[in-house]
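# A closer look at the structure
This is what each chain is made of:
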Amino acid sequence: MADMKILAVDDSPTMRRIIINTLGRAGYSDIIEAEHGKDALAKIATEKIDFVITDWNMPEMDGLTFVTNLRSNPEHAKIPVLMVTTRSVKEDIVEALKAGVNNYIVKPFTPDTLKSKIDEILKGGA
Amino acid sequence: MADKENKSIAVATQGEMPNSESGLKRGLGALKSTIEDLTRSLREIQGPLNDTRDCLPKATTHLDRISSQTEQATHKVLDMVENISNQQVEIIDHLNKALNVLADTGKENIAVSELLEKAEEVANRSQNDAFAIMDALQFQDITTQQINHAASLLEEVDAKIAEIFGDIDETMGIESAKKDADSDKKRKVRSFDPHADMVFKHTDQSGIDNLVRENNGAKDS
């Protein structure tokens, strides 16, 4: 699955760059970026995306609303989503999972955690 | 008997009326004076508070500049780390080629081979350190969220002060000194997690993994 197209959604250019670099080290090179949920939905509408990594707190449209929108569209409802955010309160995590996030990582993350969560989702474990 | 009682009550009440009315007037006069004093005091502190209000946008602008400059600096560091990392890849590649060239000569030179392998180990360690620097730069996003939280609180204080003095001026019939009535509309859109922290996490990764398993279990059942 190293050839899958990943969409990295984060309003922080620094985080997008770190995520892209970390994914590159894990063997994933086909990555596109979006600054917020609206931008991400627009990209998903025009490009075939295999996997989404998204932040929660973003302007225009936050990650939770983005995932809810994504899951409500039958065409894109099955795209795996990994949320990478600073929000670590239990209620937030539960809310994200209920909204349809497949797995969840709290920033700052390690490359090993990012890779293992992607692998878990792809294997159907999460 | 009843008539007599009623008459005496009426006389007593009439007799008390002037006293209670004047007492009420005195009380209201004192209350008015207190309100005027209070308003005067509030108006006296309004000047310094307006000065404070002038400082608040400067403080938020300053905080935004810190975020922006930190981001620029972080990207410079990222550029350099990526260069170092790419150079390490080149070094490792050259060392591997050198080892192959040595093997192709057919002459065994254990000392040179060992030196080349050690150099490759050092290059790999150095590359891992470069990656670790890159991973540590996630602090910039977290710090920016903390700065945005602080700026947002300052904007809230500014709005509250404006609201309080706007209300007082309105009550006193004075044209409001409240600046920027539409300050809310002018506010920068800030997205942040108020609990963002580099070290402390309310739920660690193993706790999150348990929640993910519970959620998946609930979906399956």
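Scroll up a little and you will see the structure.
Residues numbered from 1 in each chain as written. Chains lettered and ligands numbered in written order. Predicted model: local features only at pLDDT ≥ 70, side-chain atom pairs only at ≥ 80, totals over all residues. Heavy atoms only, no water.

### Brief notes about the overall build of chain B
Selection rule: A run of H or I in DSSP becomes a helix once it reaches four residues, and a run of E becomes a strand once it reaches two; helices and strands are each numbered from the N terminus. The cut-offs for exposure are 20% and 50% of the maximum accessible area for each residue type, with area from a 1.4 Å probe on protein chains only; residues under the lower value are buried, those over the upper are exposed, and the others partly exposed. Throughout, a contact is declared for two residues whenever any of their heavy atoms are within 4.5 Å.
Secondary structure summary: chain B contains 5 helices and 0 strands in total. Each helix and strand of chain B, ordered N terminal to C terminal, gives the series α-α-α-α-α. Expressed as a percentage of its 221 residues, the buried residues of chain B come to 28%. For chain B, the share of sequence-separated contacts (at least 6 apart) that also reach a separation of at least 24 residues comes to 83%.

### With respect to unusual backbone geometry
Residue and element names in this part refer to chain A. Following Lys107, the chain continues into Pro108 via a peptide bond in cis, with omega recorded as -5°. In this structure, Pro108 sits in the loop between strand E5 (103-106) and helix H5 (111-123). Even without being a glycine, Glu60 presents a positive backbone phi close to 65°. For Glu60, the position within the fold is in the loop between strand E3 (51-54) and helix H3 (63-72).

### So, the pattern of salt bridges
Short version of the rule: The term salt bridge refers to a pairing of a side-chain nitrogen on Lys or Arg with a carboxyl oxygen on Asp or Glu at a separation within 4 Å.
Inspection of every chain in the model, using the stated rule, returns 21 salt bridges over all chains. One connected set of salt bridges, linked through shared partners, spans Asp10(A), Asp55(A), Lys107(A) and Asp141(B).

### Quick look at the sheet that holds strand E1 (residues 6-9) of chain A
Residues and elements named next belong to chain A. Spelled out, the test is: Between any two strands, pairing holds if DSSP finds at least two bridges. For helices, the axis comes from a line fit to the C-alpha atoms of the stretch in contact; other axes are also lines fit to C-alpha atoms, and the angle between any two N-to-C directions lies between 0 and 180 degrees.
Across the sheet, which stays open at both edges, the 5 strands sit in the order E2-E1-E3-E4-E5 with parallel pairing between neighbours. The open sheet terminates on both sides in strands that have one partner only, identified here as strand E2 (31-34) and E5. Going across the sheet, the axis of each strand differs from the next one's by a mean of 20°, ignoring polarity. Note: E1 against E2, 4 bridges, orientation parallel. Following the sheet pairing, Ala8 is matched in E2 by Glu33. Sitting on the sheet, helix H1 (residues 13-25) is in contact with E1, E2 and E3, with an inclination near 165° to E2. Seen against the sheet, H3 touches E1, E3 and strand E4 (81-85) and runs at an angle of roughly 175° to E4.

### Examining helix H4 (residues 90-99) of chain A
Residue and element names in this part refer to chain A. Defined as follows: For this quantity, the arc is that covered by the directions from the helix axis to the C-beta atoms.
Taken together, the buried positions of H4 are occupied by Asp92, Ile93, Ala96, Leu97 and Ala99. When H4 is viewed along its axis, its buried side chains cluster within an angular range of 160° and face the same direction. Turned more than 90 degrees off the buried face of H4, the exposed positions are Glu91 and Lys98.

### Some thoughts on the interface of chain B and chain A
We count it as follows: Summed over both partners, the accessible surface that disappears when two parts come together, traced with a 1.4 Å probe, is what is meant by buried area. Here a polar contact is taken to be a pair of N or O atoms separated by no more than 3.5 Å, where protein atoms must pair a possible hydrogen donor with a possible acceptor and residues adjacent in sequence count only if both atoms sit in side chains. Put simply, Ala, Val, Leu, Ile, Met, Phe, Trp, Tyr, Cys and Pro go in the nonpolar bin, Asp, Glu, Lys and Arg in the charged bin, and everything else, Gly too, in the polar bin.
Residue-level contacts link 34 residues of chain B with 35 residues of chain A. Here chain B packs against chain A, burying approximately 3000 Å² in sum over the two surfaces, 54% of which is carbon and sulfur. Counting every contact that joins chain B to chain A gives 5 salt bridges. Two residues, Asp141(B) and Lys107(A), come together in a salt bridge whose shortest N-O distance is 2.9 Å. Linking chain B with chain A are 19 residue pairs in polar contact (both at pLDDT 80 or more), by the criterion used here. When residues of the side of chain B that touches chain A are traced back to their parent elements, those giving at least two are helix H1 (2-104), helix H2 (110-136), helix H3 (139-172) and helix H5 (205-220) of chain B. No other element matches the 8 residues that H5(B) contributes to the side of chain B that touches chain A. Split by residue class, the side of chain B that touches chain A holds 12 nonpolar, 12 polar and 10 charged.

### A short note on the packing of aromatic side chains
The following threshold applies: Stacked, tilted and edge-to-face are the three classes assigned to paired rings of Phe, Tyr and Trp, where Trp is represented by its six-membered ring and a pair needs centres within 6.5 Å; plane angles under 30 degrees give stacked, over 60 edge-to-face, the rest tilted. Only lysine NZ and arginine CZ atoms are considered, and such an atom sits over a ring when it is within 6 Å of the ring centre and within 35 degrees of the ring normal.
Across all of its chains, the model carries 0 aromatic pairs over all chains by this definition. Between the NZ or CZ atom of Arg25(A) and the centre of the ring of Phe131(B), over which it lies, the distance is 4.1 Å. Lying over the aromatic face of Trp56(A), Arg87(A) brings its terminal NZ or CZ to 4.2 Å of the ring centre.

### Looking at the pairing of E5(A)
Residue and element names in this part refer to chain A. The condition that has to hold: By the criterion used throughout, a crossover qualifies as right-handed when its path from the first strand across the helix to the second strand runs clockwise, the strands pointing away from the viewer.
By the alternation rule, side chains of E5 split into Asn103 and Ile105 and Tyr104 and Val106, which are all buried. Taken together, the 4 bridges between E4 and E5 define a ladder with parallel strand orientation. Paired with Leu82 across the bridge in E5 is Asn103. As for the winding sense of the linkage, the β-α-β connection from E4 through H4 to E5 is right-handed.

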